[in-house]
Each structure stands twice: as C-alpha cells, then as structure tokens.
Amino acid sequence: IRRTRSARTHPRLVYFQVVIWRAVASIAWSVLLLPVTSAVFVLLSRFSLFHPIHNIFSSKIYLLWMCKIISFAIIALQVMLNISFFHSFCVHSLVYCTMGMLVMWCASVTIGGRYSTLGIPCRQSESGEVVTCLNEYHLFLLLAGAFMGYSHSFLGVVQNMYYVSFQPIQQYKYPRFKGCLPMVLKCSVIQSLYSARNFAALYFFFGYVPKTWISSTLHLQIDSSLQPLDSLTGLLDFSLLYHLSISGTFLYFTWYLTVLLFRIYVTEAYSFPVQSTFTEDAEQCLPKVLAETNTLVMKFLALQDLALLSQHSLSRRLEVFSLSQPGGHPHNWNAISRECMSLLSELTQRLLAHQDAVASNGRVKSQSASIDTRSASSSSSEDVAETPRLSVPLRTPGSVFTSSVGGMHSALTAPFTPDVDSPFSSPAIRRLVGQQEPRSPWFGTVQSPHIMRRGPKLWSASTGKTARLKLSYLHKMFSSNVQLPEASSQALFADSQAHIWALQGLSHLVAASFSEDQFGVVQTTLPSILSCLVVLLEAVDRHFKLPHASSKPVRTVCSMGDSTYKTLRFALRAALKTAIYKITTTFGEHLNAVNISTEHRKRLQQFLEFKE
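This is a predicted model, so every value here is computed, not measured. (Residues numbered from 1 in each chain as written. Predicted model: local features only at pLDDT ≥ 70, side-chain atom pairs only at ≥ 80, totals over all residues. Heavy atoms only, no water.)

Scanning the protein from terminus to terminus reveals 22 helices and four strands. By residue count, 54% of the 612 residues in the protein fall in the buried class. A total accessible area of about 28500 Å² is found for the protein, and carbon and sulfur atoms account for 62% of it. (Helix = DSSP H or I, 4+ residues; strand = E, 2+ residues; numbered from the N terminus. Buried < 20%, exposed > 50% of the residue type's maximum accessible area, 1.4 Å probe, protein only. Areas by Shrake-Rupley, 256 points an atom, 1.4 Å probe, with all protein chains shown as cover.)

Next comes the structure, spelled out in structure tokens:
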C-alpha cells in the first residue's frame, strides 16, 4: 500500500521533529528549574540574621510573581536567540540589555526595602504635597542589569558562547548536566563579581548622566539629603554590593543554565534510518540527511550517527552495503561515501588555499606559482576526480542551522569569518579572506583558480531559519597581528568534528566491508577513498609546518564559551592517521592490488610498516 502524496516527509518536517523539539525541550527544562534557582536567590537576598524565618516566608508572593516574570523572560530569550533570527550584533545586545533590566527589576522587587520602587516619597513641599524622589538604589540595580546583559552578549561573542560543539563521547543528559553544574555556578559567581566591579567603576564616573536624565524625564526629584551612589562613599556600601553580586549571580546562572541545557539537548545523538520502505520517507534517511545543506545541524547529527553505526551496529552496516531492489545498485553506499569524500576534499582545498595565502604573505599567488605548487600532487587529483569539489567562491553563513548564501549552498565551514565590510576590518584581514583593497594592484583579479574566497565563521547556537549573526568581527578587536596565524589555523579546523566523524565512519565501514560486504560494493570506490585520505594527510602535514599551526592554545580560568575548536586540528590529524591505519591493518598486503598512484602507494606502505 503506497502512501498518499500528502504523507510525504518534507526535509523541514524532519528538521522540526529533531531540532525544534529539542530546543523547546531545553526551554521547558529551563523554566522548570526556575523555581529552584529563584528560591535560592530569595533565601540569600532576604536572609536576616535576627529574623530569618519571617523574612523567608514573607517573600512567598514575591517568589511566585518573580517566577512568572522570569519564566516569560527566559522563554522569550530562548525563542528569540535560538529559534528566531537576528541580523546584527546591536539588536542582539539590545535584547540582552532589556532582559538584564527585566531580571534585575524582578530581583529588586524581591529584595524589597530600599530597592523596591523607582520613585519614593522623600519630603513635603511648601504646599503640603508629598514630593516623589528618585530611588537611586533601584536605578542602580536596573542599570547594572542592562550592563550585565550587554556584557553577556559581548563576551558571548568574544568567548564563543554560541559555538555548539558535539561531544566526541556521548553522555546521557542527566550525568552531563550534573557534571557541568558546578562549572556553571562557578562561572556565574566569577562573572557576577567581575561585572559588579566594572559597573561600579563605570557608574562612579558616568552615573550622573542616566540619573539626571531619568529624574528630569520622569519629573522625579533628587534627594540631596542622601549620599549619591556615584561617589566613593556611596559605592562603599556592603549591603549594596552584596545584593548586586547576588542578583548578578542569579542572572548569569539562569542564562548559563539555559545555554547548557540547549547544548545538551541539541547535540544529543539521533539515529536516522539508513533506508526506508516507502519512497516518500527517503528525505529522513541517512544518505539524504548527509547531503543536507540548508541546516548544518542536521548534517552534523547525520555524520555523528554515521560514525556510531559504522562501529557499533552490524545490522545497519549491512543496510549500507545492501543493493537496491529492483536494479541491484549500491545507492546507500554510493551516497554515503560520496558525501564523506566531498567533505574531506573540501577541507583539503581549504588547507591548500590557506597555505598559498600564507606562502605569499597574505596575497594570492599567481596561477603559475599555484600550479607549480600542486605539480607534486597532480596525480592524486586524478584518482579522486569523481569526488565532487567546490569550484565557486562562497561566503559562509552566520548560523549552524542554515547555509544558503545568495541561492548557493556551501559545505560545512569553520567559525570566525571576518566581516570584510565591517568598519573593524583591517587590510590584513581582507587579504587573509581573499578580498583586496580597491586601490590594491591585486583588486579585481583572481590570480589562482585554487583560491576560494572563503572565510571561516562562528558556528553559533542559534537555531534561526535565516539567522545571520555577524559575531566574529569583534574577535578581530582582540587579535593582534602576532595572534592572527594561530587564530586562522584554529578557524580552518573549527568544524573538524564533522570531518572526524566522516573519517571514522568511512574507515570503519571500509574495514568492516572486508568481512561483511557480500556484494563488493566498497571495492569500486576503495581507490578513490585511499587517494582522498592520503591527499588530505599531505595537506594536514604541510599545514602543521606553518608558523603557530602546532602551538597549544592558552586555557582560560573559567568561561562558558566553548574552546574545543582550538584543539580540533590535533584531533583531526590523529583521527586521519587512525583511519588510514584502520584500513591498512585490515586489508594488509591486499592493498597492493588496489589501483592507486605510485606516490600514494609509497605513503600507504609507511602505514603498512607502522612507520607513521
């Protein structure tokens, strides 16, 4: 019985079933955990040594009210930042400033006392009316919330907090959450203390500006009998600094917890069917999802599933090696191997283009020089000629969940694409990504057909359909010319977890085919696979000979930003050699019968003799 056309599975439906559901689940858990964190905040902010029980139970109404407000704020924050779209860093910062003020308003109402309202009665006028004065303590907390919101947005870009990395070793959600909870709390406390210190210094010098503007706008008097907070004696208030630090810790902990839950849910392994009984469901099968270009998170999940099935699932491996009925064609294996080799070939081209740029001091080499550089590996390109390669200049998108740019679709790309149109962009950055100055003699021409106008870009955690967060231009503000080679090396391999999975999946499937491939479907593509791996290995080896390419990154004390991309180039090199060893140790001397070039055969012989 064939299904009707209306029952066909659309790619966007698969995306909704996998990604959107996980984002909603992470938001739901963030909301469910809010009463616990709110209760701890109330306990710490309203605790009194002389009346501890009375103050805690008297704040029950504040707790319920604050939980409702904060729940809405968290849901709105997650929906806007993780599902909707943002087109600029300014909008992103503005939203976080608003959320920070909202959280601090709830915190000030919960604390009560002198922090409860913005206007307080201070004195009587000559006519006998009560004059409302500006409550600077309430204003201080509101402005601190806006400052912390901006700091969170800014540091999220600088520290790559929106970079979502997949764990090489999968953990269940609860153990991973419990293991990361102390780190989240520690980072929240440290960041709150830093933000409180910085805001206090900022308010000391410029606090009179918002205070004067708000008092004149809202027609609130300034009580001259009170010590102003934009003074040294006003800021040296232990109670004020304590409540500011506690409120900041609550704010950061709530946001960091939401980020952690989002990472855990989105990166959880998902099992795609290798093949479907109904042709209408082919879009949700593993070979089709591997070719996904609109939402890269689906491609990452598919590559992760490929690596797992190649190692741990015999029944699914047999489906990969099976032949189609009718016809007897290895469609599953052809599609999977083609996508993996295309992904690895794209990385090879990226590395060669980077090496050309570095060798010419940031400038694009001439066509003849580029041809001479690749004369040694010309034979290898013939062996993988059937592997599709990218031949058009592409700019990478700012979101991991969308990769279409101007109607063109790109493969997986790395983070930190500099925005060359940004006022922060420098000529060195433009030369690195391949864009020349209009007055440059190199402007308007492409001297090498091998150079692709590609720049690596941040793989953010936003799940927007058309998210275009230009996050990485701020990174250039903190990168000097000395750090640039190291940063560019990290950026080239920032998406290499996908390449590692492709290497693992491809090598384990090839090794398993030695005893499980009944129809010999792998033998037809084995020469191309071996050539593809050797060419990539040569490109990686040349890259590690460049300056700063092999240096270890500096570890930070505490940061919610993900820095795993900094060491992925080392993991990729190890995974690449492991993949080749997996194949050579399985096939042994049988590889001498494989039709590959003499140079590649010599390199594989090194692996057969365990000399690599």
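Having put the structure on the table, let's press on.
The next subject is the confidence of the model for the protein. The pLDDT averaged across the protein works out to 74; a share of 67% of its residues lies at or above 70. Ignoring residues within four places in sequence, the model shows residues 1-9, a span with pLDDT below 50, making 14 contacts including any to other chains. (pLDDT = per-residue confidence, 0-100. Contact = heavy atoms within 4.5 Å.)

The next thing to look at is helix α22 (residues 598-608). Buried residues of α22: H600, R603, L604, F607 and L608, and no others. Down the axis of α22, the smallest arc covering the buried residues is 155 degrees, so these residues share one side. Residues of α22 that are exposed and point over 90 degrees away from its buried face: T598 and K602. Looking at the residues trailing α22, positive phi occurs at F610, about 55 degrees. (Arc of directions from axis to C-beta.)

Turning our attention to the packing of helix α13 (residues 314-321) against helix α19 (residues 496-516). What describes two packed helices is the angle between their axes and the distance between those same axes. One way to put it is that α13 packs onto α19 with a least axis distance of 11 Å and a crossing angle of 85 degrees. With respect to their mutual orientation, α13 and α19 come out roughly perpendicular. Residues L314, R317, L318, V320 and F321 of α13 lie in contact with α19, whose contacting residues are L509, A512, S513 and E516. (Axes fitted to C-alpha atoms, helices over the stretch in contact; angles between N-to-C directions. Parallel < 35°, antiparallel > 145°, perpendicular 65-115°, else oblique.)

What follows is about the pattern of salt bridges. For side chains bearing opposite charge, pairing can occur when the charged atoms are close. The tally for this structure, following the rule as stated, stands at twelve salt bridges. Note that R114 is salt-bridged to D237, the shortest N-O span being 3.1 Å. Taken as a pair, R114 in the loop between α5 (89-111) and β1 (119-124) and D237 in the loop between α9 (232-235) and α10 (238-266) lie far apart in primary sequence, 123 residues in all. By relative accessible area, R114 is classed as partly exposed at 30%. For D495, the salt bridge goes to R350, with nearest N and O atoms at 3.2 Å. Of the two residues, D495 is situated in the loop between α18 (484-492) and α19 and R350 in helix α14 (residues 331-359); the sequence distance between them amounts to 145 residues. Taking the relative accessible area as the measure of exposure, D495 reaches 4% and is therefore buried. Relative accessible area serves as the criterion here: at 6%, R350 is assigned to the buried category. One salt-bridge network, in which partners are shared between bridges, spans E136, K211 and D230. (Salt bridge = Lys/Arg side-chain N within 4 Å of Asp/Glu carboxyl O.)

Moving on, we get to the environment of I500. Looking at the element boundaries, I500 is found in helix α19. The exposure class of I500 is buried, given its relative accessible area of 5%. Between the alpha carbons of I500 and A575 there is a distance of 6.1 Å; along the sequence they are 75 residues apart. What I500 contacts, discounting residues up to four positions off in sequence, is L568, A571, L572 and A575.

A contiguous nonpolar surface patch, about 850 Å² in accessible area, is contributed by L202, F204, F205, F206, Y208, V209, L232 and L236. Those elements that provide at least two residues to the nonpolar patch are α7 (173-206) and α8 (208-217). At four residues, α7 tops the list of elements feeding residues into the nonpolar patch. (Patch = residues over 30% accessible without salt bridge, like charges linked within 9 Å, V, L, I, M, F, W, Y side chains within 5 Å.)

With that settled, consider the packing of aromatic side chains. Counted by the stated rule, this structure contains 21 aromatic pairs. Taking 5.1 Å as the distance between ring centres and 70 degrees as the angle between the ring planes, the aromatic pair formed by Y96 and W255 counts as edge-to-face. Taken together, the residues Y96 in helix α5 and W255 in helix α10 connect sequence positions 159 residues apart. Residue classification places W255 among the buried residues on the basis of a relative accessible area of 3%. In this structure an aromatic cluster arises from ring pairing among F140, F147, F199 and Y203. A cation over a ring is seen here: R114 above Y137, with NZ or CZ 4.2 Å from the ring centre. Taking the ring centre of F544 as reference, the NZ or CZ of R573 above it sits at 3.9 Å. (Phe/Tyr/Trp six-rings, centres within 6.5 Å; stacked < 30°, edge-to-face > 60°. Lys NZ or Arg CZ within 6 Å of the ring centre and 35° of its normal.)

Its 18 residues place the ends of helix α20 (residues 526-543) 26 Å apart at the C-alpha level, agreeing with the 26 Å of an ideal helix rising 1.5 Å per residue. With respect to burial, α20 is a largely interior element, 17 of its 18 residues being buried. (Expected span 1.5 Å × (residues − 1).)

This next bit is on the side chain of T348. Relative to the helices and strands, T348 is located in helix α14. Assessed through its relative accessible area of 3%, T348 is described here as buried. Once residues lying within four places of it in the same chain are set aside, the contact partners of T348 are V535, L536 and A539.

The next point concerns the packing of helix α2 (residues 34-45) against α5. Between α2 and α5, the least distance of the axes is 10 Å, while the angle of their chain directions is 50 degrees. Taken together, the axis directions place α2 and α5 in an arrangement best described as oblique. α5 is crossed by α2, and the crossing has right-handed handedness. Residue-level inspection shows F41, V42 and S45 of α2 in contact with α5, the latter providing A107, T110 and I111. The residue makeup of the contact of α2 with α5, split by class, is four nonpolar, two polar and no charged. (Left-handed = near helix turned anticlockwise from the far one by under 90°. Nonpolar A, V, L, I, M, F, W, Y, C, P; charged D, E, K, R; others polar.)

A word on unusual backbone geometry. Positive phi, normally seen in glycine, also occurs at H219, with a value near 55 degrees. For F610, which is not glycine, the phi dihedral falls at a positive 55 degrees. Relative to the helices and strands, F610 resides in the segment after α22.

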